[in-house]
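Structural features, examined
One-letter residues, chain by chain:
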Amino acid sequence: MLGTTSPVPAEVTLELPPPAGPHRLGTTVLHLVDRDRTDPWHGGARELMVTVFYPADDVRGYPLAPQLTPAAAEAFKGFDPVYLHPELPDEGVDWAATATHSHTGAPAQPVRRPVLLYSPGGVDPRAIGTGLAEELASNGNVVVTIDHPGETSEVEFPGGRVRMIDMPGDPRTDPELFRTMLGTRIADTRFVLDQLGELAAGRNPDAESRELPENIGRALDLRRVGSYGHSAGGATAAEAMHEDRRIAAAVNMEGYLEYLPEEPGELLPIAREGTDRPLLLLGTDGFRDQRIERSWSAMLAHQRGCTRWQQLDDATHWVLTDYGTTAPQLQDAGLMSAEDRAKLVGTIDPAESVPAIRDHVVGFFATHLSR
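Structure report, in brief.

Turning our eyes to something else, we now look at the overall build of the chain. Helix and strand counts for the chain stand at 9 helices and 12 strands. The globule rule puts the C-alpha radius of gyration for 371 residues at 21 Å, and the 20 Å found for the chain is close to it. In the chain, which comprises 371 residues, the proportion classed as buried is 55%. For the chain, long-range pairs separated by at least 24 residues make up 78% of all intrachain contacts whose partners lie at least 6 apart in sequence. Accessible area of the chain: about 15,300 Å², with a carbon and sulfur share of 50%. Averaged over its 33 positive side-chain charges, the chain has a centre that lies 9 Å from the centre of its 55 negative ones.

And the structure:
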């Protein structure tokens, strides 16, 4: 009797929560090259990839964008679960199958809207912040998510070229490397803002001069700019606001406001000097360590009244990213243990965490970037 082979189980497709705002969404990707700045990790001109999410005028005939392209998903699958987030399964998930709720190339509404810049956590790709970016865009903002090549697990450039992390060391243990990383991230953020100025002026900043969505430049109100980010990206968002008066408000989602790994850490300039612009510190009870207590308390000690601290309970660090919704799905599919889910995002139900995070961030920018 011939042997039989067991069927290969289908890979799980993860889903992102739908945005709750009134606007349908468009998206586009830009390749930006700063020829006046040398990449600190491997030389040459500094290259960035960004994704723009915006309220769309018409989405008919425009396909939904994937969260990760096939090339980025293949790189993610072989690297992130193995080296960065061991709680994630290294098989059983089709990382390329997750769709966003944003339509590639759809025309933008020709209405000037606040612009929000997002910086992800160290090593995480910008795609892991898609859910919150879509929520902000659906509520009437243009959101620009930024990868920081060299310290990001994988970044795909036009033509299918993928750059993996190539930072020479660990910034968590190397003070000089951390300072270079943070300085590079802030410079990246300010350069992207410069390039958005080109876009708003009717020029095309994309390095390949690829066709842009209709009205995309007309959708940018660069008089109303905010920044937000997670972990190292949260520190980037806050310090970029401190250094650049064009940024009017910032959200720091669990980023230390001190240099690492010095003990005790030297405070970042914004924490030493305070700010005259609104800053939201959004954290979790599971990541409230000495560095958070020390550097965030320093911000609150300034008497200008521009900083507030909000906390999610039964949660931890990566609940503030898309893992907050995908980790419970992985647990339900038997691909992640309860212990690993709790370690990555906490035990909080996404039915509670997702609206709470959205309410904090959407409400903050709506309040402080209104006309």
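This part is about empty space enclosed by the protein. A complete count under the given rule lists 3 cavities of 30 Å³ or more for this structure. Each pocket or cavity is described by its volume, and for the largest cavity that value is around 160 Å³. If you trace the largest cavity, you find 14 residues lining it, with Gly131, Leu132, Thr321, Asp322 and Val354 closest to the centre. At the level of secondary structure, the elements contributing two or more residues to the lining of the largest cavity comprise helix H2 (130-138), helix H7 (323-332) and helix H9 (350-368). Residue classes in the lining of the largest cavity are distributed as 6 nonpolar, 6 polar and 2 charged. When its volume is computed, the second largest cavity comes out at roughly 70 Å³.

Put simply, helix H3 (residues 175-200) and helix H4 (residues 232-243) touch, their axes get as near as 9 Å, and they point 60° apart. Taken together, the axis directions place H3 and H4 in an arrangement best described as oblique. H3 and H4 meet at a crossing whose hand is right-handed. Of the residues in H4, those in contact with Met181, Leu182, Arg185, Ile186, Thr189 and Arg190 of H3 are Ala232, Gly233, Ala235, Thr236, Glu239, Ala240 and Glu243. Among the residues forming the contact of H3 with H4, the class breakdown is 6 nonpolar, 3 polar and 4 charged.

Most of strand E9 (residues 220-230) sits out of view: 9 of its 11 residues are buried. Bridge count for strand E5 (residues 113-119) against E9 is 7 bridges, and the pairing is parallel. Pairing of Ser119 across the sheet is with Gly229, part of E9. Judged from the 6 bridges that link them, E9 and strand E10 (residues 247-253) form a sheet pairing that is parallel. Counted as the bridge partner of Gly229 is Asn252 from E10. For the handedness criterion, the β-α-β arrangement of E9, H4 and E10 is classed as right-handed.

Here we take up a negative patch on the surface. On the surface, Asp285, Asp313, Asp314, Asp349 and Glu352 cluster together into a negatively charged patch. As for its placement among the helices and strands, Glu352 is situated in helix H9.

Remark: H7 packs on helix H8 (residues 338-345), axes separated minimally by 10 Å, with the N-to-C direction vectors making an angle of 180°. Classed by the angle they form, the pair H7 and H8 counts as roughly antiparallel. Contact with H7, carried on its side by Tyr323, Gly324, Ala327, Pro328 and Gln331, involves Ala338, Arg341, Leu344 and Val345 of H8 and no other residues of that element.

Moving on to the sheet that holds E9. Across the sheet, 10 strands lie side by side as E3-E4-E1-E2-E6-E5-E9-E10-E11-E12; this open sheet has mixed pairing. Edge positions in the sheet fall to strand E3 (64-66) and strand E12 (307-312), since each of these pairs with one other strand and no more. For this sheet, the mean inter-axis angle between neighbouring strands, taken without regard to orientation, is 30°. Relative to strand E6 (residues 142-146), strand E2 (residues 45-55) is paired through 4 bridges, and the arrangement is antiparallel. Following the sheet pairing, Phe53 is matched in E6 by Val143. Against the sheet, H3 makes contact with strand E1 (25-38), E2, E5, E6, E9 and E10, and its axis sits at roughly 115° relative to E1, the strand it touches most. The strands that H9 touches are E5, E9, E10, strand E11 (279-284) and E12; relative to E10, the one it contacts most, it runs at about 165°.

All right, on to the pattern of salt bridges then. Counting across every chain of the model gives 30 salt bridges. Glu151 serves as the salt-bridge partner of Arg185, at 2.9 Å between the closest nitrogen and oxygen. Of this pair, Arg185 sits in helix H3 while Glu151 is found in the loop between E6 and strand E7 (154-157), placing the two residues 34 residues apart along the sequence. Glu151 shares its class with Arg185; the two are buried.

A word on the side chain of His230. Assignment of secondary structure puts His230 in strand E9. For His230, a relative accessible area of 1% puts it in the buried group. Within the structure, the side chain of His230 is placed 3.0 Å from the backbone oxygen of His317, a separation counted as a polar contact. In contact with His230, not counting residues within four places along its chain, are Tyr118, Ser119, Pro120, Gly121, Met253, His317, Trp318, Leu320 and Thr321.

Moving on, we get to the side chain of Asp322. Within the secondary structure, Asp322 sits in the loop between E12 and H7. Of note is the side chain of Asp322, whose polar atom sits 3.0 Å from the side chain of Gln67. Sequence-distant contacts of Asp322, that is, excluding residues within four places in its chain, are made with Leu16, Gln67, Ala127, Ile128, Gly129, Thr130, Gly131 and Leu132.

Cut-off values and rules
- Residues numbered from 1 in each chain as written.
- Predicted model: local features only at pLDDT ≥ 70, side-chain atom pairs only at ≥ 80, totals over all residues.
- Heavy atoms only, no water.
- Helix = DSSP H or I, 4+ residues; strand = E, 2+ residues; numbered from the N terminus.
- Rg over C-alpha atoms; globule rule 2.2 N^0.38 Å.
- Buried < 20%, exposed > 50% of the residue type's maximum accessible area, 1.4 Å probe, protein only.
- Contact = heavy atoms within 4.5 Å.
- Areas by Shrake-Rupley, 256 points an atom, 1.4 Å probe, with all protein chains shown as cover.
- Lys, Arg positive; Asp, Glu negative; His and termini not counted.
- Charge placed at Lys NZ, Arg CZ, Asp CG, Glu CD.
- 1 Å grid on protein atoms, 1.4 Å probe; cavity = no way out; pocket = protein on both sides within 12 Å on 5 of 7 lines; lining within 4 Å.
- Points joined across faces, edges and corners; volume = space filled by probe spheres on them.
- Nonpolar A, V, L, I, M, F, W, Y, C, P; charged D, E, K, R; others polar.
- Axes fitted to C-alpha atoms, helices over the stretch in contact; angles between N-to-C directions.
- Parallel < 35°, antiparallel > 145°, perpendicular 65-115°, else oblique.
- Left-handed = near helix turned anticlockwise from the far one by under 90°.
- Pairing = 2+ DSSP bridges.
- Right-handed = clockwise from strand over helix to strand, strands pointing away.
- Patch = residues over 30% accessible without salt bridge, like charges linked within 9 Å, V, L, I, M, F, W, Y side chains within 5 Å.
- Salt bridge = Lys/Arg side-chain N within 4 Å of Asp/Glu carboxyl O.
- Polar contact = N/O pair within 3.5 Å; in protein donor to acceptor, adjacent residues only side chain to side chain.

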